[in-house]
Amino acid sequence: MSETHAGARRYSALDRLIGRFDRVVRAAVPAGQAAARPSPATDLPDPPLTARERRHSAGLMRVNHTGEVCAQAVYLGPAMVARDPTLERFLRGASAEEHDHLIWCAQRLEELESRPSVLDPAWFAGSIAIALAAAAFGDAVSLGFVEETERQVCAHLDGHLTDLSEEDVRSRAIVAAMRSDEARHAANAREQGGRELPLPIRRVMVLQARVMTTLAYWI
Ligand SMILES: [Fe+2]
Ligand SMILES: [Fe+2]
């Protein structure tokens with residue numbers, strides 16, 4: 001009897017976890033969903049790009065789209081297990097802004113007659129596993145992981161602002177707006193108590209991001 005009861009309790013906990021995971025996955029798949037904020041590119045012209053510029057912009061925006069899929073995992077993973085309501089509010093608020101970024105990138109990719117990376121589901125799964133592992137070490141480490149991720153994303157977006165054609169004002173506006181949000185997310189994670197991660201971990205994160213950005217540019 002008690003086994004059945006314990007079994008029922010276990011099933012219920014698993015059920016809740018699956019429900020949360022389902023909401024996270026839905027949040028990361030923006031098909032048919034609208035952004036809360038309009039794209040920064042909305043009122044900008046779309047000057048013609050050369051075939052080469054268009055291909056390059058599409059590659060960079062595909063990388064950014066994959067980054068935003070990972071950002072969903074970085075915020076929603078810890079939010080799934082957060083016990084502190086203030087922390088959960090911060091994580092969910094930032095994830096809503098990341099969701100806007102995801103949709104802006106998807107829209108721009110469509111305008112460039114391109115598509116998201118076929119590897120997005122794998123990057124999402126890997127990112128959520130890493131974010132949950134960081135969360136298991138406590139809020140300070142979890143927030144430290146968020147801060148370091150955002151810091152690296154800012155550096156990466158700075159590179160895109162240098163690299164994107166000056167003509168591609170629509171992609172540039174999206175990247176600049178994301179850069180501003182990511183810098184605020186990093187500062188907020190630090191204010192919430194994020195602890196700086198050890199250098200070897202930060203280096204592994206840089207390497208992992210390099211693999212992701214290289215693959216996402218092409219496929
Ligand atoms: Fe973002
Ligand atoms: Fe961010």
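Refer to the preceding data block for the structure.
Predicted model only: the values in this text are computed from it and were never measured.

A look at the overall build of the chain
- Helix and strand content of the chain: seven helices and zero strands.
- Its helices and strands in sequence order give the chain the pattern α-α-α-α-α-α-α, from N to C terminus.
- Expressed as a percentage of its 219 residues, the buried residues of the chain come to 42%.
- Nonlocal contacts in the chain, meaning residues at least 24 apart in sequence, comprise 85% of its contacts between residues at least 6 apart.

Remarks on unusual backbone geometry
- Of note, Glu-113 is a non-glycine position whose phi angle comes to about 55 degrees, a positive value.
- Topologically, Glu-113 is positioned in the loop between helix H3 (85-111) and helix H4 (120-136).
- According to the relative accessible area criterion, Glu-113 is exposed, its value standing at 69%.

A short note on the pattern of salt bridges
- Applying the stated criterion to the full structure yields 14 salt bridges.
- Close ionic contact of Asp-46 with Arg-108 constitutes a salt bridge, the shortest N to O distance being 3.6 Å. With a gap of 62 residues between them, Asp-46 in the loop between helix H1 (2-28) and helix H2 (51-81) and Arg-108 in helix H3 connect regions that are remote in the sequence.
- A salt bridge links Glu-148 to Arg-151, with the nearest nitrogen and oxygen atoms 2.9 Å apart. With Glu-148 and Arg-151 both in helix H5 (residues 139-163) and three residues apart, this pair spans about one turn of that helix.
- Taken together, the shared-partner salt bridges connect Arg-37, Glu-97, Asp-100, Asp-181 and Arg-184 into one network.

Concerning the coordination of the iron ion (ligand 1)
- In this structure, Glu-68 (OE), Glu-68 (OE), Glu-98 (OE), His-101 (ND1) and Glu-182 (OE) serve as the protein donors to the iron ion (ligand 1), at separations of 2.0 to 2.3 Å.
- We note that the donor set of the iron ion (ligand 1) lies within a single chain, spaced as E-x29-E-x2-H-x80-E.
- Here the iron ion (ligand 2) and the iron ion (ligand 1) are spaced 4.0 Å from one another, each receiving a donor from Glu-98. In this pair, Glu-68 sits in helix H2 while Glu-98 sits in helix H3, placing the two residues 30 residues apart along the sequence. This pair shows no difference in class: Glu-68 is buried, exactly as Glu-98 is.

Let's talk about the coordination of the iron ion (ligand 2)
- Within the first shell, the iron ion (ligand 2) binds the protein through Glu-98 (OE), Glu-150 (OE), Glu-150 (OE), Glu-182 (OE) and His-185 (ND1), at distances of 1.8 to 2.6 Å.
- All donors of the iron ion (ligand 2) belong to a single chain; written as a sequence motif, their spacing is E-x51-E-x31-E-x2-H.
- Residue class for Glu-182 comes out buried when judged on its relative accessible area of 1%.

Criteria and cut-off values
Sequence positions are assigned chain by chain, starting from 1 and proceeding in written order. Working convention: letters from A go to chains and numbers from 1 go to ligands, in the order in which they are written. The predicted origin of the model limits local features to residues at a pLDDT of at least 70 and limits the giving and counting of side-chain atom pairs to 80 or more, whereas totals for whole chains, interfaces and linings rest on all residues. Where side-chain values are given, they derive from all heavy atoms of the structure, hydrogens and water being excluded. Per the convention used, a helix needs a DSSP run of H or I reaching at least four residues, while a strand needs a run of E reaching at least two, with both numbered from the N terminus. Only protein chains enter the accessibility calculation, which uses a 1.4 Å probe; a residue is then buried when its area is under 20% of its type maximum, exposed when over 50%, and partly exposed in between. Here a residue-residue contact requires only that any non-hydrogen atoms of the pair lie within 4.5 Å. What counts as a salt bridge is simple: a side-chain nitrogen of Lys or Arg found within 4 Å of a carboxyl oxygen of Asp or Glu. Metal coordination here is assigned from N, O and S atoms located within 2.8 Å of the ion, or within 3.2 Å for Na, K and Ca; omission of water means that sites may look incomplete.

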